[in-house]
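Here is what each chain is made of, one letter per residue.
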Amino acid sequence: ATDIFTDIGIVEPAIGYETARQQAQHALDLSPDVFYAHVALMYLYRTYDRNWSAAQGELDEMRRLEPANADLPLFQGILDWTLGRWAPAESQLRTAINGSPLFPDTYFNLGIALYGAKRFPEAEAAFRKTLELSPAFIFGNGYLAKSLLAQGNIDAALSVSEFEKNEEGRLAYL
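Residues numbered from 1 in each chain as written. Predicted model: local features only at pLDDT ≥ 70, side-chain atom pairs only at ≥ 80, totals over all residues. Heavy atoms only, no water.

A. Local environment of the overall build of the protein. Of regular secondary structure, the protein possesses 11 helices and 0 strands. Element order for the protein, N to C, with α for helix and β for strand: α-α-α-α-α-α-α-α-α-α-α. A buried classification covers 43% of the 174 residues belonging to the protein. The long-range fraction of contacts in the protein, counting pairs at least 24 apart against all pairs at least 6 apart in sequence, stands at 42%. Summed over all atoms, the accessible surface of the protein reaches about 8,900 Å², with 57% contributed by carbon and sulfur. (Helix = DSSP H or I, 4+ residues; strand = E, 2+ residues; numbered from the N terminus. Buried < 20%, exposed > 50% of the residue type's maximum accessible area, 1.4 Å probe, protein only. Contact = heavy atoms within 4.5 Å. Areas by Shrake-Rupley, 256 points an atom, 1.4 Å probe, with all protein chains shown as cover.)

Here it is as structure tokens:
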């Protein structure tokens with residue numbers, strides 16, 4: 001949770017991410033097979049350290065620990081879009097959606113992958129699905145506005161951006 005509070009500006013990043021890293025490492029010191037401690041480290045390597053090989057290493061360890069874990073395609077898809085691997089990201093995220101069709105985070109990340117691939121109408125649909133499942137999804141309206149803007153729908157983008165609950169998100173994506 002500390003890393004999420006850092007992402008949305010509640011905790012100073014250097015403090016939040018380091019606290020999250022210490023918590024994850026402590027969990028692994030107690031039991032090296034704690035799947036979600038590896039998730040936390042993968043997230044930290046990807047988001048804060050930008051150490052892509054370490055993030056992939058954590059994903060590989062997660063796959064070793066729980067090869068049938070339904071969250072693995074989501075995590076792999078997120079790392080793939082982070083690295084600009086749009087097609088593999090889309091494939092992984094669609095697999096994740098098939099396994100958990102009501103989880104808004106997966107549609108949101110699919111939208112990011114589709115946006116990165118310049119498939120703006122499909123990205124718009126994914127962001128709309130995100131907001132259908134979770135109307136207050138943080139950055140959901142901001143990314144929807146961004147996908148509308150990329151299609152030349154300026155008025156619609158401005159209108160949608162007004163619904164973004166996060167001020168940073170409202171300003172950053174237009």
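We are not done yet, so read on.
B. Layout of the packing of aromatic side chains. Following the criterion strictly, the structure yields 7 aromatic pairs and no others. Residues Phe 108 and Phe 137 carry aromatic rings whose centres are separated by 4.9 Å and whose planes lie at 45° to one another, so their mutual orientation is tilted. Here Phe 108 is found in helix α7 (residues 104–116), whereas its partner Phe 137 is found in the loop between α8 (120–133) and α9 (140–150), with 29 residues between them in sequence. Take Phe 137: its relative accessible area is 12%, and that puts it in the buried class. One aromatic cluster is present, built from ring pairs that chain together Phe 108, Phe 127, Phe 137 and Tyr 143. (Phe/Tyr/Trp six-rings, centres within 6.5 Å; stacked < 30°, edge-to-face > 60°.)

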